[in-house]
Amino acid sequence: NDLMAMRGMEMLEQMGLRIPEDISVAGYDNDENLVKYLKRPLTTVTLPYREMGRVAVDRLFGARGPLDKADAPTLVSGNVVERATVLNLSKAKRETTDAGA
């Protein structure tokens, strides 16, 4: 989650690594209360809590009957909120190509 990513960033910086130049860091939750206090805005993934709840209720009480252990997992997707802790790969590739020309 975002809190663990924040702690990881602190440890990586203590090791002398630069974020995102040397290593990219991302969390999940999009904890805006936490993110606003970071010196470098954290890339994160929003969790679709409403959709997760709807799927859980449908799986437990839906028309298909009781939940069976053999039921396949249901995938729900979050959105990536790209901020300053991941390297923009397309930009980095362009810069590398330009430098080599």
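Note that the structure is a prediction, hence the values are computed from the model and not measured.

What is the right way to read the overall build of the protein from this model?
Counting secondary structure elements, the protein contains four helices and three strands. Going from N to C terminus, the protein has its helices and strands arranged as α-β-α-β-α-β-α. Counting over 101 residues, the protein shows a buried share of 22%. Summing over all exposed atoms, the protein offers an accessible surface of approximately 7,600 Å²; the carbon and sulfur share of this is 57%.

Help me understand the side chain of aspartate 2 in this model?
Of note, aspartate 2 is situated in helix 1 (residues 2-14). For the buried aspartate 2, no salt bridge exists, and the shortest N-O distance to an oppositely charged side chain is 5.8 Å, to arginine 83. Separated by 2.9 Å, the side chain of aspartate 2 and the backbone nitrogen of asparagine 30 make a polar contact. Setting aside anything within four residues of it in sequence, one finds aspartate 2 in contact with Gly27, Tyr28, Asp29, Asn30, Asp31, Leu34, Val35, Leu42 and Thr44.

I'm lost on unusual backbone geometry in this one. Help?
Negative phi values dominate among residues other than glycine, just as trans dominates among peptide bonds. Backbone torsion omega between isoleucine 19 and proline 20 reads 5 degrees, so that peptide bond is classified as cis. Structurally, proline 20 can be placed in the loop between helix 1 and strand 1 (26-28). Positive phi, close to 55 degrees, is recorded for asparagine 30, a residue that is not glycine. For asparagine 30, a relative accessible area of 15% gives the class buried.

Would you mind going over the nonpolar core with me for this structure?
In summary, soluble globular proteins display a tendency toward joint burial of nonpolar side chains. Among the nonpolar cores identified, the biggest contains nine residues, and these are Ala5, Met6, Met9, Leu12, Ile19, Val25, Leu34, Leu38 and Leu42. Residue contributions to this core peak at four residues, all from helix 1. Those residues within four positions of methionine 6 in sequence are excluded, and the remaining contacts are Leu34 and Leu38.

Just to check I follow, could you spell out the environment of valine 76 for this structure?
Structurally, valine 76 can be placed in the loop between helix 3 (49-61) and strand 3 (80-81). When the C-alpha atoms of valine 76 and proline 48 are compared, they prove to be 7.3 Å apart, with 28 residues separating the residues in sequence. In contact with valine 76, not counting residues within four places along its chain, are Pro48, Glu51, Met52 and Val55.

Explain the environment of aspartate 58 here, please?
In this fold, aspartate 58 is placed in helix 3. Among the residues examined, aspartate 58 registers a relative accessible area of 38% and is labelled partly exposed. Here arginine 54 takes part through its side chain, which lies 2.5 Å from a polar atom of the side chain of aspartate 58.

How do you make sense of the pattern of salt bridges when you look at a structure like this?
Pairing between side chains of opposite charge can happen when their charged atoms approach one another. Counted under the stated rule, the structure contains six salt bridges. A salt bridge links aspartate 22 to arginine 18, with the nearest nitrogen and oxygen atoms 3.1 Å apart. Taking relative accessible area as the criterion, aspartate 22 reaches 39% and is therefore assigned partly exposed. Judged by its relative accessible area of 48%, arginine 18 is partly exposed. With a shortest N-O distance of 2.7 Å, glutamate 51 and arginine 54 are connected by a salt bridge. Of this pair, glutamate 51 and arginine 54 both sit in helix 3, three residues apart, roughly one helical turn. Within this structure, Glu13, Lys39 and Arg40 form a network of salt bridges that share partners.

Cut-offs used in this document
Residues numbered from 1 in each chain as written. Predicted model: local features only at pLDDT ≥ 70, side-chain atom pairs only at ≥ 80, totals over all residues. Heavy atoms only, no water. Helix = DSSP H or I, 4+ residues; strand = E, 2+ residues; numbered from the N terminus. Buried < 20%, exposed > 50% of the residue type's maximum accessible area, 1.4 Å probe, protein only. Areas by Shrake-Rupley, 256 points an atom, 1.4 Å probe, with all protein chains shown as cover. Lys, Arg positive; Asp, Glu negative; His and termini not counted. Salt bridge = Lys/Arg side-chain N within 4 Å of Asp/Glu carboxyl O. Polar contact = N/O pair within 3.5 Å; in protein donor to acceptor, adjacent residues only side chain to side chain. Contact = heavy atoms within 4.5 Å. Core = buried A, V, L, I, M, F, W, Y, C linked by side-chain atoms within 4.5 Å.

The quantities given are spatial measurements derived from coordinates; they are silent on function.
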